[in-house]
Amino acid sequence: MKLKVAWIGKSKESAIQSLTDEYLKRIGRYIPVEGVSLKDEAALKNVGGRGVRPFLVLLDSRGKQLSSEDLAKFLGNYQDHASLPLVFVVGPANGFSEEARGSASLLLSLGKMTLAHELARVVLLEQLYRAFTILKGHPYHLGHL
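Before going into details, it helps to say that this report is about the structure given with it. (Residues numbered from 1 in each chain as written. Predicted model: local features only at pLDDT ≥ 70, side-chain atom pairs only at ≥ 80, totals over all residues. Heavy atoms only, no water.)

All right, on to the pairing of strand β2 (residues 33-38) then. Relative to β2, strand β1 (residues 3-8) runs parallel, the two sharing six bridges. Across the sheet, I8 pairs through a bridge with L38, a residue of β2. Note on the crossover from β1 through helix α1 (residues 14-27) to β2: the handedness is right-handed. (Pairing = 2+ DSSP bridges. Helix = DSSP H or I, 4+ residues; strand = E, 2+ residues; numbered from the N terminus. Right-handed = clockwise from strand over helix to strand, strands pointing away.)

Moving on, we come to the sheet that holds β1. Strand order across the open sheet formed by five strands is β2-β1-β4-β3-β5, with parallel pairing between neighbours. The open sheet has two edge strands with one neighbour each: β2 and β5 (106-109). Averaged over all neighbouring strand pairs, the angle between strand axes comes to 35°, with direction disregarded. On top of the sheet, helix α2 (residues 68-81) reaches β3 (55-65), β4 (86-90) and β5; it is set at about 145° to β4, its chief contact. (Axes fitted to C-alpha atoms, helices over the stretch in contact; angles between N-to-C directions. Contact = heavy atoms within 4.5 Å.)

Quick look at the pattern of salt bridges now. All chains considered together, the criterion is met by eight salt bridges. As a salt-bridge pair, R26 and E22 come within 3.0 Å of each other at their nearest N and O atoms. You can see R26 and its partner E22 sitting in helix α1, four residues apart, about one turn around the helix. The class of R26 is partly exposed, set by a relative accessible area of 21%. A single network of salt bridges, built from pairs that share partners, joins D60, R62, E98 and R101. (Salt bridge = Lys/Arg side-chain N within 4 Å of Asp/Glu carboxyl O. Buried < 20%, exposed > 50% of the residue type's maximum accessible area, 1.4 Å probe, protein only.)

In structure tokens, the structure reads:
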């Protein structure tokens, strides 16, 4: 499985970029992962690579809410049964357009609270890392039940 985590816009805070890099490195212990900054929403059309339509997961407040365990199950099932690249995308500060939401394979919400988009990126990455530790039986998740 190819995993890509993308976000629209450049990091303005060095702390956000540092946490992004750290969680990408951690996830990389379990699966090949790539972090990508996209210029704008139009760049979503090429996020899977040339001629490849990925399974596109957009973070959206109206999306489906999953527990950490449910996210782990989703990722495990995806690894076992899917061949398309899996791409998670955090949108710009004002969210995704209706057109972008309509093109998504899944809309995912991190919860009912509103998060700054750069912070949402870090929360997503931490949850992806947590999901892989759950799948591998690593104790990272056990202290947080």
